[in-house]
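Each chain, written out:
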Amino acid sequence: MAFSVSAVAISSNLPATTVAALCHRAPIAASHTFRSSSVSYHPRRSNRFACFAVSTDASLKEAVKTDKAPAALGPYSQAIKTGNTVYLSGVLGLIPETGKFVSDSVEEQTEQVLKNMGEILKASGASYSSVVKTTIMLADLKDFKKVNEIYAKYFLAPAPARSTYQVAALPLDAKIEIECIAVL
């Protein structure tokens, strides 16, 4: 279904000139809420498309919060639940009651991260077996094998899809941070 520039501009509260500029670059996938979307495809143009979504319905997402895991360190949620999907923010190896790291060892921080993650998953109605994707950020990629040994105790086959990166720095000089996506 193709959208006219004026219809997209009106429904998304964007100036028609902004939407028109996007149309000249590529077809548009537009959605007034996350519940429905349409794609405009023009065979004479490239297959690239611009996508924008404007959520005007706050009921589409719910913040997940538990005192059994460390509070967010900034203006974000421990997790967001939308539909049957839960998105966990990056979790650190902090002790919930003190806000301090369990220790300086990557092994103990990994164990604590995964315990904290389990509490957030439980608060959302999910579990480790519900996790479909994780992203691990390490201060030192040399810790990869140590982390894998602990991680394998929490995620049984089929293990979630995963990405692991060494990063320049983590909040509070953590050794590890893990975020994940779970499906209810």
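Definitions and limits used
Residues numbered from 1 in each chain as written. Predicted model: local features only at pLDDT ≥ 70, side-chain atom pairs only at ≥ 80, totals over all residues. Heavy atoms only, no water. Helix = DSSP H or I, 4+ residues; strand = E, 2+ residues; numbered from the N terminus. Buried < 20%, exposed > 50% of the residue type's maximum accessible area, 1.4 Å probe, protein only. Contact = heavy atoms within 4.5 Å. Areas by Shrake-Rupley, 256 points an atom, 1.4 Å probe, with all protein chains shown as cover. Pairing = 2+ DSSP bridges. Arc of directions from axis to C-beta.

1. Structural notes on the overall build of the protein chain
Link 1 in the chain: Along the backbone of the protein chain there are 4 helices and 9 strands.
Link 2 in the chain: For the protein chain, buried positions account for 37% of its 184 residues.
Link 3 in the chain: Restricting to contacts in the protein chain with at least 6 residues of sequence separation, those with at least 24 account for 58%.
Link 4 in the chain: For the protein chain, the exposed area adds up to about 10,800 Å²; of that, 57% sits on carbon and sulfur atoms.

2. Focus on the pairing of strand E5 (residues 79-82)
Link 1 in the chain: As judged from the 3 bridges shared by strand E4 (residues 62-64) and E5, these two strands associate in the antiparallel manner. Across the sheet, Val64 pairs through a bridge with Ala79, a residue of E5.
Link 2 in the chain: In this structure, E5 lies alongside strand E6 (residues 85-91), joined through 4 bridges in antiparallel fashion. By the bridge assignment for E6, Lys81 is matched with Val86.

3. Looking at helix H4 (residues 144-154)
Link 1 in the chain: When H4 is considered as a whole, its buried residues turn out to be Val147, Ile150, Tyr151 and Tyr154. Projected onto a plane normal to the axis of H4, the buried residues spread over an arc of 105° and lie on a single side. Facing away from the buried side of H4, by more than 90 degrees, are the exposed residues Lys145, Glu149 and Lys153.
Link 2 in the chain: Among the structural elements, helix H3 (106-124), strand E7 (131-138), strand E8 (161-166) and strand E9 (176-183) are those in contact with the buried residues of H4.

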